[in-house]
Amino acid sequence: MKYLIAAACVALSACGSTTSTSTSTAGTGSAPVTASVPSGSFMSFLNDARAQNGLPPVSEDRRLSQAALRHAQDMEANGFFSHTGSNGSSFSDRAKAAGYSCARNENLASGNRTPQGVVTAWMNSPGHRANMLARNVSEYGIGRTDNHWVLVMGAGC
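All chains use their own residue numbering, which begins from 1 and follows the written sequence. The model is predicted, so local features are restricted to residues of pLDDT at least 70 and side-chain atom pairs to those at 80 or more, both for listing and for counting; the totals for chains, interfaces and linings are taken over all residues. Side-chain measures here rest on the full set of heavy atoms in the structure, leaving out hydrogens and waters.

All right, on to the environment of Y100 then. Examined against the element boundaries, Y100 turns out to sit in the loop between α3 (91-97) and β4 (103-110). The cut-offs for exposure are 20% and 50% of the maximum accessible area for each residue type, with area from a 1.4 Å probe on protein chains only; residues under the lower value are buried, those over the upper are exposed, and the others partly exposed. Given a relative accessible area of 0%, Y100 falls into the buried group. Separated by 39 residues in sequence, Y100 and D61 have C-alpha atoms that sit 9.0 Å apart. Residues are treated as being in contact if the distance between any of their heavy atoms lies within 4.5 Å. Excluding residues within four positions of it along the chain, Y100 makes contact with D61, R63, L64, A95, E139, G154, A155, G156 and C157. Secondary structure elements are defined from DSSP: runs of H or I of at least 4 residues count as helices, runs of E of at least 2 residues count as strands, and each element is numbered from the N terminus.

Excluding glycine, residues mostly carry a negative phi; peptide bonds, for their part, are mostly trans. Positive phi, close to 50°, is recorded for D146, a residue that is not glycine. Of note, D146 is situated in the loop between β5 (139-145) and β6 (148-154).

It is worth spelling out the environment of S90 at this point. Position of S90 relative to the elements: it lies in the loop between α2 (62-78) and α3. Distance in space between the C-alpha atoms of S90 and H71 is 9.7 Å, their sequence separation being 19 residues. Distance and chemistry together define a polar contact, namely a pair of N or O atoms within 3.5 Å, with one atom able to donate a hydrogen and the other to accept it when in protein, and with adjacent residues in sequence counting only for side-chain atoms on both sides. A polar contact is formed between the side chain of S90 and the side chain of S92, at a distance of 3.0 Å.

Below, the structure is given as structure tokens:
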């Protein structure tokens, strides 16, 4: 049985209002540590969800994926699950450090094993769904280590 714990928080960045949400889904078994997610499979599930809701597709931005992966690695290495990095950074801070200045929102998840599973869990959570279906985004970045997933979406700047 999976448990869904969702939390939403609002942050402000230089680009305006931004949003972050997190999901924790308890699972059984263990998976090997994965450095990243094959973007094509995640992108297809994300863009299918957007298309079903009348929204244009988003494309992967390597800077956002770099920021997402680094945050997933930070959470894994330091044993925490939070939108705030171990150094106090926000998702917009991490995106800016990777060279991307207009990050708009962030979703976190833990416990999902597949790209389809994490997209489904996020689509079933109002805050995550709103982030994935935001009209003011055109790009995304995805990062995963073991069970920590990080999705950062941006405005294409």
